[in-house]
Amino acid sequence: MVEIKKTLLSGVLEIFPKVFEDERGYFFESFRLDWLEKEGINETWVQDNQSYSQKGTVRGLHFQREPHAQAKLVRVIKGKVLDVVVDLRKGSNTFGSHYSTILDSEQHNLLYIPTGFAHGFSVIEDAIFVYKCSNYYNKNSEGGIIWNDKNLQIDWMVKNPIISGKDKNWQNLEEFKATSEGGL
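Residues numbered from 1 in each chain as written. Predicted model: local features only at pLDDT ≥ 70, side-chain atom pairs only at ≥ 80, totals over all residues. Heavy atoms only, no water.

**Student:** Talk me through the overall build of the chain; I want residue IDs and the actual numbers.
**Tutor:** Scanning the chain for helices and strands turns up three helices and eleven strands. Its C-alpha atoms give the chain a radius of gyration of 16 Å, within 12% of the compact-globule value 16 Å for 184 residues. Judged by the C-alpha coordinates and their principal axes, the chain covers about 55 × 40 × 30 Å. Looking at the chain as a whole, 49% of its 184 residues qualify as buried. In the chain, 78% of the contacts between residues at least 6 apart in sequence involve partners at least 24 apart. Roughly 10000 Å² of accessible area belongs to the chain as shown, and the carbon and sulfur atoms make up 46% of that amount. Of the side-chain charges in the chain, 22 are positive and 25 negative, and the distance between the mean point of each set is 3 Å. (Helix = DSSP H or I, 4+ residues; strand = E, 2+ residues; numbered from the N terminus. Rg over C-alpha atoms; globule rule 2.2 N^0.38 Å. Buried < 20%, exposed > 50% of the residue type's maximum accessible area, 1.4 Å probe, protein only. Contact = heavy atoms within 4.5 Å. Areas by Shrake-Rupley, 256 points an atom, 1.4 Å probe, with all protein chains shown as cover. Lys, Arg positive; Asp, Glu negative; His and termini not counted. Charge placed at Lys NZ, Arg CZ, Asp CG, Glu CD.)

Below you can see the structure in the form of structure tokens.
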């Protein structure tokens with residue numbers, strides 16, 4: 001049995017698989033296509049990614065533009081992160097709103113992120129982060145929103161974040177809205 005929670009952002013789902021524990025350790029199904037199909041999601045997963053990040057790292061907020069837009073199914077296999085998504089869907093009632101949740105290797109929870117969202121995470125404990133993508137990465141389609149955009153008011157839960165040069169230079173939400181003609 002799996003528990004699926006809908007969030008305030010339409011299409012974003014948090015998934016809690018049933019974990020079986022005993023004196024040997026634990027077992028759980030980390031992915032089942034029918035979990036998503038029951039929610040009306042019919043993605044074809046074409047790429048799996050894995051990253052390791054040190055405590056204090058912030059990655060994001062990233063997205064891929066059409067025709068290479070990606071839905072993602074994300075989870076942590078070691079450690080703990082604050083996972084964040086921002087709605088960038090043109091015409092969405094929640095455009096510019098964000099949702100965040102803790103993903104960790106104790107809860108084994110996952111987050112489904114449909115296309116049209118920027119995604120990022122901050123590392124609360126050294127973490128191995130894995131995710132499935134519904135489309136292949138394409139460098140020419142990548143984009144981002146600056147992680148510390150004052151209008152988003154995201155509490156990343158880290159002090160003195162470690163951030164890549166690329167992630168320090170993304171545009172803010174208002175600039176994105178103007179240059180994208182209203183969103184993805």
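**Student:** Any chance you could break down the pairing of strand β10 (residues 117-133) for me, citing the residues and the numbers?
**Tutor:** Most of β10 is tucked away: 13 of the 17 residues are buried. Pairing of strand β5 (residues 47-53) with β10, which is carried by seven bridges, proceeds in the antiparallel orientation. Along β10, the bridge assignment pairs Ser-51 with Phe-129. Relative to β10, strand β6 (residues 58-64) is paired through three bridges, and the arrangement is antiparallel. By the bridge assignment for β10, Val-58 is matched with Ser-122. Bridge count for strand β7 (residues 72-87) against β10 is 14 bridges, and the pairing is antiparallel. Its bridge partner lying in β10, Lys-72 is registered against Cys-133. (Pairing = 2+ DSSP bridges.)

**Student:** I'd love a proper account of the pattern of salt bridges, names of residues and values included.
**Tutor:** Evaluated as defined, the whole model comprises nine salt bridges. In this structure, Lys-5 and Glu-3 form a salt bridge, with 4.0 Å as the shortest nitrogen-oxygen distance. Under the relative-accessibility criterion, Lys-5 is labelled partly exposed at 39%. In this structure Glu-3 comes out as partly exposed when scored by relative accessible area, which is 42%. Note that Arg-32 is salt-bridged to Asp-34, the shortest N-O span being 2.7 Å. (Salt bridge = Lys/Arg side-chain N within 4 Å of Asp/Glu carboxyl O.)

**Student:** If you had to explain the nonpolar core to someone new, which residues and values would you point to?
**Tutor:** In terms of nonpolar packing, the biggest core is built from 21 residues, with Leu-61, Leu-88, Ile-145 and Trp-156 touching the most fellow members. Elements with a minimum of two residues in this core: β6, β7, β10 and α3 (173-179). Setting aside its immediate chain neighbours within four residues, Trp-156 contacts Val-58, Leu-61, Leu-82, Val-84, Gly-120, Phe-121, Ser-122 and Trp-147. Counting 15 residues, the second largest nonpolar core, distinct from the first, contains Val-76, Val-85, Phe-117 and Ala-127. (Core = buried A, V, L, I, M, F, W, Y, C linked by side-chain atoms within 4.5 Å.)

**Student:** Go over the pairing of strand β2 (residues 13-17) with me, naming the residues and quoting the values.
**Tutor:** Most of β2 sits out of view: five of its five residues are buried. Relative to β2, strand β1 (residues 2-6) runs antiparallel, the two sharing five bridges. What sits directly across from Ile-4, in β2, is Ile-15.

**Student:** Explain unusual backbone geometry residue by residue, including any values.
**Tutor:** A cis amide bond links Gly-60 with the next residue in sequence, Leu-61, at an omega value of 10 degrees. Its place among the elements puts Leu-61 in strand β6. Residue Pro-67 is reached from Glu-66 by a cis peptide bond, and omega for that bond is 5 degrees. Note on placement: Pro-67 falls in the loop between β6 and β7. In this structure, His-108 takes a positive phi of about 65 degrees despite not being glycine. Mapping His-108 onto the fold places it in the loop between β8 (98-104) and β9 (110-113). The residue Asn-160 is not glycine, and still its phi comes out positive at about 50 degrees. Relative to the helices and strands, Asn-160 resides in the loop between β11 (142-144) and α2 (165-168).

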